[in-house]
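A closer look at the structure
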Amino acid sequence: MQALLRYLRQGRDRIAEYSDSEVSAASITVGSAADRHIQLLGHDVAPKHAAIRPAGDSFAISARRGARVLVNAAPVRTARLTVGDKVEIAGHQLTVIEAPAGFDLALTIQPNEKTAKSEFEGAFKTDLDQTLLSKRRTAWNLFLLISVLTLLVPLATAVVHRTGATTPAWIPDDTFWTAGPLIPAHAQAVGRRCEACHLSFFAPARDRECRQCHTKTADHVSVADLKLTRLGPAARCGVCHEEHNAPDGTLVVRDDSLCVTCHDAAHDKFGTLQVEKVSGFARSIHPLFKASLLTPPPRGSAIVAPLKVTPTGEPLAAAVNWPAVRTPLRTGQEQSHLSFSHKEHLDGNLVQRLSDSAPLGCEDCHTVAADGEHFIPITMARSCSGCHVLAFDDEAPERQLPHGKPREAMLMIEDYYVAKYSNPGRVTAPVAPRQRIPDRPVTTVACPSGTPLTRGRCQANAEIVDQFTRRGCASCHLVSDQGSGDVHERFDVLPVRLGRDYFPDLHFSHRQHAVQKQLTRDAACLSCHKARDSIRSSDLMLPELDKCLECHSDHAARDRVQVRCVSCHAYHFER
Amino acid sequence: MRESVLAYRGARYLWWAVALSAGSIALYCTQGGLQRPNGGSWQGYVLGTVGAALIVWLTLLGVRKRSYRSTLGAVRGWTSAHVYLGMALLVVATLHCAGHFGWNVHTLAYVLMSAVVLSGVAGLYVYFRNPTLIADIRTGGSRAALFAELFELDNQARELAKHCDAVTGSLVKSSIERTTIGGSVLEQLFAADRSRILRIDPNAPNAAAVLVRNTDQQAAINYVSDRLTQAEKRAEPSVLQSLVTVLCRRQVILRSIRRDISLSAWLKIWLDVHVPLTFALLSALTIHILVTFIYW
């Protein structure tokens, strides 16, 4: 359509001035934007405020949503326009006039003189408040979103999980409430089932759930002992083993306060229990060491053993179980019923290895077990028979007495000598003994006359006495001489009484201590165990506290390796 | 005013914040023993309680600002304390959680808190920087004055364009009509200029008009300048020369307006982050405390 726009302004001296412009367009646009056909300024004028379009044989004005348009002083959204109608937009006056020839529409436009040019800004969005940003709306939306996603939905899943049902992985569940990851072992066992430990809301995880898996872990103090102390009720597992707070993957508490909190006040906390005070690992604040030594039960003790079985399987009727008694190292003595000199065995002038004639070393007899802590038990077969044989007659060195079976040994000796005198031709020629250690000289027994049987028995009795009192068994074992006239009833080899572990409640890795500062191999062993000075089996040879303190300390120090209480001591004991 | 917020009463609250941080660090250092430092120790609970109380108090600044009749201290004092203690909150909360982070609601609360504090720091930065720059742009006037001048220049350019050839006239008119200022959030923040002009391409069939970029009004200025060298009529160079002058002045004004809008937008946008995230934080904080005791 063709439109004539006649701008009417007051010029100088208040004389009206006209300014005409022609527009050819489908509709006449009105607004504050620069691309409008009729550009009107003002805060109340939208960039695209309204439009005038042909409507049948006349025209109609339509305002945008929220834009205020008055037609003949009445607010309208759309209105038909006829000649003479007055449209007012923010004080600007538009009047429909008779269109001259060649025009479809003619308007006079009288701008609001009160409107400043500066209000041109209103044609643009120049402030964030004019955008979709809304602090209030965004704030409440975020508030609700977080409440739903992190509280309500997980809470619903927690309730569902407690019925045994599962929820899809994409739904945020109560694992989003976790205070930290589980340790890997628990994560494998529990997975995403929080309710495995947290059975009830608003209640700490109970010990019962822990004990469902940890069936063999005993309390540090038994329930009976706890009643004798002033320690109060036992703490929950979770007090020490705090899950969701172990980035290194272990729940074991290593801090010394675990122990010294109570043990430093032993006089006050432990009531009638006899517990020594410990404040740390140093002289005067840590008790001297005590070894668990097998000790004969007191006379009249109820500890009478069932049948004891020797390492070779032979029952020892006389054996009783000896209790392990903690004994201070300075006064403690082994009562192993052995006779052995470490000093002699380590003396290269006296003892050499058969294979290379080198002096014996610790590892020739002592082999660290797989746990690195204990040693494989010493046995005749494994540790001694390489050098020591149980031959009893130099003329028949291949004949060996059975180890650990004294009755059989006696019968064997008797059988041998009776047979020897009955049938001398069967005796083989003498050969040099194999062992490197010269045994004590064989006692010559005079059995010159009599029948082969009596001569054989005579010789056998003499040999049995010799084996059980001078050499053979008596070389290593203590033998009880009952003084019986019958040589078969006269001797008892006392059972070996060596404990498996001097410190059964401690951890100590011999393997880790195989290298100490510059010391290695035997030197490292002998720096703690004074075997070169030990000539008796009763010698304990265990190092005291001071030896440990040469290298260790309970606090960080440049020239010491720090140890914690739990480096050596166990807190829980296996049931 | 801006300086007085930080220097309020000899930066009294700076020392409060320093003391609070130092005390929190000292308390944190007493942790250890049976447990690694964490939010569940008694020290952790104390730090957490202090942090939660701080968050609630810091949020109350929004209430205090609207309570004109309040006698609970001057708003300037509240604002100064808000700034300093808000930054101390970062220390308190970090010590509370002892650096334990994970994919959980607790870390969500920490992240939201950090975002709120950092948006506040950003707000502080623009409050110090932008007003000076805006004043420089307005040279003592206002943004409205810049728009008034732009409106006047638009009219001058339109008037001059009437005296030019049809192609130049329509190009200048389109450059005015298709000038963009401000707009969406990002357009305001980054002073985006998506202005276009309709230029008749003489090489196109039927001399079709094509819409081309008119960023920084340079295309329009270049066209009119080129046209100036090819002027044939006697009066044309004078008109074109005036038009170039008007367009160049218009370019300068538009740059100033866009920069003004951008600086003003940055002055506001941080609060559009700060306030909604504060509400999100309040939600996450409440849930953080609640679930701590649900799964004790």
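Residues numbered from 1 in each chain as written. Chains lettered and ligands numbered in written order. Predicted model: local features only at pLDDT ≥ 70, side-chain atom pairs only at ≥ 80, totals over all residues. Heavy atoms only, no water.

With that settled, the discussion passes to unusual backbone geometry. All names here are of chain A. A positive phi angle, close to 80°, is found at Ser284, a residue other than glycine. Here Ser284 lies in the loop between α7 (266-269) and β13 (290-294). Its relative accessible area of 71% is what places Ser284 among the exposed residues. The phi dihedral of Arg521 is positive, around 45°, even though this residue is not glycine. Following the sequence through the fold, Arg521 ends up in helix α15 (residues 521-528). Classification of Arg521 by relative accessible area gives exposed; the value is 59%. (Helix = DSSP H or I, 4+ residues; strand = E, 2+ residues; numbered from the N terminus. Buried < 20%, exposed > 50% of the residue type's maximum accessible area, 1.4 Å probe, protein only.)

Our next topic: the sheet that holds strand β3 (residues 28-31) of chain A. Strand-to-strand pairing in sheets goes through backbone hydrogen bonds, with the strands running parallel or antiparallel. All names here are of chain A. Here we have five strands laid out as an open sheet, ordered β4-β3-β5-β6-β9, and mixed in their pairing. Single-partner strands in this sheet number two, and they are β4 (38-39) and β9 (78-81). Alignment of strand β6 (residues 58-63) against β9, held across four bridges, turns out to be antiparallel. Of the residues in β9, the one forming a bridge with Ala60 is Arg80. (Pairing = 2+ DSSP bridges.)

Turning next to the packing of helix α2 (residues 12-29) of chain B against helix α3 (residues 42-59) of chain B. Residues and elements named next belong to chain B. Running from amino to carboxyl end, α2 crosses α3 at an angle of 155°, the nearest separation of the two axes being 9 Å. In terms of their interaxial angle, α2 and α3 are classed as roughly antiparallel. Read as a crossing pair, α2 and α3 show a hand that is left-handed. Contacts from Leu20, Ser24, Leu27 and Tyr28 of α2 reach α3 at Trp42, Gln43, Val46, Leu47, Val50 and Leu54. For the contact of α2 with α3, the residue count by class is eight nonpolar, two polar and no charged. (Axes fitted to C-alpha atoms, helices over the stretch in contact; angles between N-to-C directions. Parallel < 35°, antiparallel > 145°, perpendicular 65-115°, else oblique. Left-handed = near helix turned anticlockwise from the far one by under 90°. Contact = heavy atoms within 4.5 Å. Nonpolar A, V, L, I, M, F, W, Y, C, P; charged D, E, K, R; others polar.)

All names here are of chain A. Across the sheet, which stays open at both edges, the seven strands sit in the order β2-β1-β12-β11-β10-β7-β8 with mixed pairing between neighbours. Strand pairing shows two members of the sheet lacking a second neighbour, β2 (16-24) and β8 (74-76), which therefore form its edges. Averaged over neighbouring strand pairs, the angle between their axes works out to 25° when direction is ignored.

At the interface, 55 residues of chain A touch 53 residues of chain B. Summing both partners gives a buried area of about 4,700 Å² for chain A against chain B, and 65% of it is carried by carbon and sulfur. For the pair chain A and chain B, the number of links is six salt bridges. One salt bridge connects Asp129(A) with Lys268(B), and the closest N-O pair in it is separated by 3.1 Å. Connecting chain A to chain B are 24 residue pairs in polar contact (both at pLDDT 80 or more). Counting residues per element, the ones that place at least two in the side of chain A that touches chain B are α1 (135-161), α5 (237-240) and α6 (257-263) of chain A. Among the elements that make up the side of chain A that touches chain B, the one with the highest residue count is α1(A) (eleven residues). (Buried area = accessible area lost by both parts, 1.4 Å probe. Salt bridge = Lys/Arg side-chain N within 4 Å of Asp/Glu carboxyl O. Polar contact = N/O pair within 3.5 Å; in protein donor to acceptor, adjacent residues only side chain to side chain.)

A word on the pattern of salt bridges. Residue and element names in this part refer to chain A. By the definition in use, this model includes 40 salt bridges over all chains. For Lys547, the salt bridge identified is with Glu550, shortest N-O distance 3.0 Å. The partly exposed category is assigned to Glu550, whose relative accessible area is 40%. The partner of Arg560 in a salt bridge is Asp559, and the shortest N-O contact between them spans 3.2 Å. The exposure class of Arg560 is partly exposed, given its relative accessible area of 31%. We classify Asp559 as exposed; its relative accessible area is 56%.

Turning our attention to the packing of α2(B) against helix α5 (residues 75-97) of chain B. All names here are of chain B. At a minimum axis distance of 8 Å, the contact between α2 and α5 shows a crossing angle of 15°. Our classification of the angle between α2 and α5 gives roughly parallel. Regarding α2 and α5, the two cross each other, and that crossing is right-handed. In this structure, α2 contributes Tyr13, Leu14, Trp16, Ala17, Leu20, Ser21, Ser24, Ile25 and Tyr28 to the contact, and α5 contributes Gly77, Ser80, Ala81, Tyr84, Leu85, Ala88, Val91, Val92 and Leu95. Among the residues forming the contact of α2 with α5, the class breakdown is 14 nonpolar, four polar and no charged.

All quantities given are derived from atomic positions and should not be read as evidence of function.
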